[in-house]
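Residue strings, one per chain:
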Amino acid sequence: MHAYRTHTCAALNQSDVGQSVRLSGWVHNKRDHGGVLFVDLRDHYGMTQIVADSDSPALPVLEKLKLESVVTIDGDVKARAPEVVNPNLPTGEIEVFAREVTIQSRAEELPLIVNSAEDYPEETRLKYRFVDLRRERVHNNIVLRSQVISSLRQRMIAQGFNEFQTPILGASSPEGARDYLVPSRLHPGRFYALPQAPQMFKQLLMVAGFDRYFQIAPCFRDEDLRADRSPEFYQLDFEMSFVTQEDVFQAIEPVLAGVFEEFSGGKTVTPAGEFPRIPYKEAMLKYGSDKPDLRNPIEISDVSHHFTSSGFGIFEKIVGGGGVVRAIPAPNTAEKSRKFFDEMNDWSKKEGFAGLGYVTRKGGEFGGPIAKNHGPENMAKLYEELGLGENDGLFFAAGKEKDAAKLAGAARTRTGEILELIEENCFKFCWIVDFPMFEYDEDLKKVDFSHNPFSMPQGEMDALENSDPLDILAWQYDIVCNGYELSSGAIRNHRPDIMYKAFEIAGYTQEDVDANFSGMIEAFKLGAPPHGGSAPGIDRIVMLLADEPNIREVIAFPLNQRAQDLMMGAPSMVSARQLRDVHIRLSGEAVEAQKEASTAEKTDMNSNAAERDGE
RNA sequence: GCGGGUGUAGCUCAGUUGGUUAGAGUAUCGGCCUGUCACGCCGAGGGUCGCGGGUUCGAGUCCCGUCACUCGCGCCA
């Protein structure tokens, strides 16, 4: 007989009755009736009820054992009487009568309870993540993640993509996010940077002639966190040679749609080949965002032209000064109180916006200060143009175009949520395309790249030479699903002459480009195929499929919101010797911070030890 | 860096207008219990009310500061 088990805890059923078996697992729960004891024995696969009565030598042992201890049970499979069958358990028709028990590992008192759905503070969960990961929901999330990654791999390989690894210790490059740096021991004063993405390497793989590359690529960005943003994350990074934007779309849509259909649990998914393509400019107008949630039916309209002359002076002034007015419908809000509209305005101010105007409409009757000043006839005209009904309210976001669009977008989301208009049980994909190549940087008072400097401008050299830079679009595209940016990609600029020209427009000389991107420029001078790709974020994909609001719920060992590993204690202090090795001397400020942290930690550890010792 | 929320027993939470010894559930420990599956019943231990100031006869409660966690803004091509 195997040392630990003949079956897993999900394996036994009616057909095994009468067998002698050996099971191993965690003591998930106990129900002690004095003369008879029930133990739910749990492993990765499932749960089996163990029974011991006064005839069994296992009874006194199991009685004393704390939950989450690990045991091996020798026993006999018995059919449960019909009235005590548990229909909620796959093994619910049987139970194992324990003849013997071996304690493999004795658990002490637990910081969190595995057999409960109760929510624990994230701090506790992360500190004891190995316990937290035993809990059903997170355990399932991590398994789902594994399955999603496996499916993505298979789908990419089936399409002729080859998986390659790229370096983790790379060179820092000036643009983009803040790098995580690794000091070099062999080269005093020099640093490696962890990849923000294997961008350059995948392009170089195309130059090297590999044609179709992908990788489940770890990426690192030293920026502040969000619910959907971790400093280390994974992308399905891919790149293809001799392709147009259309080819990239056709390659990745079936992969994403396929994976979502496979794991969505019955939710509908935008079919491959039918992802809507929304130009950036249209997205900013209609949704006030470059990552619109298409489950929300509300669409924003520009109504500036209605207010060029209006009794409502504020809007007239804004439009006269080059600003815009955007309208966000609030359908069927005739029954909503004034409080609803006022609270939206309060909310917008709290969010740091200028404020949200509104018009109410009840049975065709307009209400609110804007309607009063603008006049009912003018309002009716506006409503007709927007196709709004007799009981639809309307919010207004006014100001500089960028600010108004952003406010309108936030208001659209909030209105959709409050009015419960967000369609459930679906994944709605879209492409955002035609991103502008350049934008005017108000702070630096100059034209700069608006996205990725290595994207090919639409119209290529001709556009760069003959168009207003701010009108030039890029072959740059995002995939968005339910309001989350899943992926960013581009057809790359593989032509050194066009590259130099693009950088020139953004105010960089040829020397600047050579100094910072020499590797890639050199490569492009030695025979480079046209190429492009993208990189869907795996954590976000799993987060959506697991229906979790937070990326940490689908990462086995996530960093917390301040980028710390509460379990292992990263980032940690290192010895003076280690610092010497890598030629690093700490600033006075850093030493001071260390001292403070050190004192705090010692106190903390002492108190923990005292608790354990029962003081 | 800025703003919001939270912080009371190991854990989840309650705690009235500022007023006696800060409560409940759960976990832990002890006792009882032969069909439970969130088993049940009886009992016990367990508190720096995040921390530091202040106001007050009196602060978990009010004020100021600070820390931690979290959500958002900035940031993230």
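Just above, that's the structure.
Right, let's walk through the structure included here.

Parameters and conventions
Residues numbered from 1 in each chain as written. Chains lettered and ligands numbered in written order. Predicted model: local features only at pLDDT ≥ 70, side-chain atom pairs only at ≥ 80, totals over all residues. Heavy atoms only, no water. 1 Å grid on protein atoms, 1.4 Å probe; cavity = no way out; pocket = protein on both sides within 12 Å on 5 of 7 lines; lining within 4 Å. Points joined across faces, edges and corners; volume = space filled by probe spheres on them. Nonpolar A, V, L, I, M, F, W, Y, C, P; charged D, E, K, R; others polar. Near = heavy atom within 4 Å. Polar contact = N/O pair within 3.5 Å; in protein donor to acceptor, adjacent residues only side chain to side chain. Helix = DSSP H or I, 4+ residues; strand = E, 2+ residues; numbered from the N terminus. Buried < 20%, exposed > 50% of the residue type's maximum accessible area, 1.4 Å probe, protein only. Salt bridge = Lys/Arg side-chain N within 4 Å of Asp/Glu carboxyl O. Expected span 1.5 Å × (residues − 1). Contact = heavy atoms within 4.5 Å. Pairing = 2+ DSSP bridges. Axes fitted to C-alpha atoms, helices over the stretch in contact; angles between N-to-C directions. Patch = residues over 30% accessible without salt bridge, like charges linked within 9 Å, V, L, I, M, F, W, Y side chains within 5 Å. Areas by Shrake-Rupley, 256 points an atom, 1.4 Å probe, with all protein chains shown as cover.

Time to look at empty space enclosed by the protein. Inspection of the entire model under this criterion finds one cavity of 30 Å³ or more. Reported here for the largest cavity is a volume of approximately 30 Å³. Residues that form the lining of the largest cavity fall into these classes: four nonpolar, no polar and two charged.

Let us look at the protein's contact with RNA strand B. Taken together, the neighbourhood of RNA strand B is formed by 47 residues, with Asn29, Asp32, Val84, Tyr120 and His451 sitting nearest. Atoms of RNA strand B within 4 Å of the protein: sugar and phosphate make up 59%, bases the balance. With respect to RNA strand B, the backbone of alanine 177 contributes an N or O atom lying 3.3 Å from a phosphate oxygen. Elements with a minimum of two residues in the surface near RNA strand B: strand S1 (20-32), strand S2 (36-42) and helix H2 (122-127). When residues of the surface near RNA strand B are assigned to their parent elements, the largest contribution, three residues, is made by S1.

The next point concerns the side chain of histidine 306. By the element assignment, histidine 306 lies in the loop between strand S13 (301-302) and helix H8 (313-320). Under the relative-accessibility criterion, histidine 306 is labelled buried at 13%.

With that out of the way, let us pick up the pattern of salt bridges. Per the counting criterion, the structure on display carries 38 salt bridges. The partner of arginine 134 in a salt bridge is glutamate 68, with the nearest N and O atoms 2.9 Å apart. Taken together, the residues span a long stretch of sequence, with arginine 134 in the loop between helix H3 (129-132) and helix H4 (136-158) and glutamate 68 in the loop between helix H1 (58-64) and strand S4 (70-79) at a distance of 66 residues. A residue is classified by how much of its surface remains accessible, and arginine 134, at 22% relative accessible area, is partly exposed. What makes glutamate 68 buried here is its relative accessible area of 4%. Each member of the salt-bridge network shares a partner with another, and the members are Arg125, Arg129, Asp132, Arg135 and Glu553.

With 15 residues, helix H15 (residues 510-524) should cover 21 Å at 1.5 Å per step; its first-to-last C-alpha distance of 14 Å lies more than 12% under that length. Residues of H15 that are buried sit in contact with helix H5 (199-207), helix H14 (496-505) and strand S24 (531-534).

Residue proline 571 is bonded to the preceding alanine 570 through a cis peptide linkage, with omega at -5 degrees. Mapping proline 571 onto the fold places it in the loop between helix H16 (538-545) and helix H17 (576-581). At glutamate 68, a position not held by glycine, the phi torsion is positive, near 75 degrees. Notably, asparagine 332 is not glycine yet its phi reads approximately 55 degrees, a positive angle. In this fold, asparagine 332 is placed in the loop between strand S14 (324-330) and helix H9 (338-350).

Here we take up the environment of serine 54. Looking at the secondary structure, you find serine 54 in the loop between strand S3 (47-53) and H1. Residue classification places serine 54 among the exposed residues on the basis of a relative accessible area of 60%. Considering only alpha carbons, one finds serine 54 and valine 542, 488 residues apart in sequence, at a separation of 48 Å. For serine 54, the residues in contact, after removing those within four places along its chain, are Gly35 and Leu59.

What follows deals with the sheet that holds strand S22 (residues 476-481). Spatially, the eight strands line up as an open sheet ordered S6-S9-S10-S24-S23-S22-S19-S12, and their pairing is mixed. Each end of this open sheet is capped by a strand with a single partner; those strands are strand S6 (162-163) and strand S12 (277-279). In the sheet, strand S9 (residues 212-220) pairs with strand S10 (residues 232-241) via nine bridges, with the strands oriented antiparallel. Counterpart to phenylalanine 220 in the pairing with S10 is glutamate 232. Packed on one face of the sheet, H4 meets S6, S9 and S10 and runs near 150 degrees to S9.

This next bit is on a nonpolar patch on the surface. On the surface, Ile168, Leu169 and Tyr192 cluster together into a nonpolar patch covering about 250 Å² of accessible area. Locating isoleucine 168 in the fold gives a position in the loop between S6 and strand S7 (181-183).

A few words on the sheet that holds S4. Taken together, five strands build a closed barrel; the order of strands is S1-S2-S3-S5-S4 and the barrel is mixed. The mean angle between the axes of side-by-side strands here comes to 55 degrees, regardless of whether they run parallel or antiparallel. Bridge count for S2 against S3 is seven bridges, and the pairing is antiparallel. Across the sheet, residue valine 36 finds its bridge partner in S3, namely aspartate 53.

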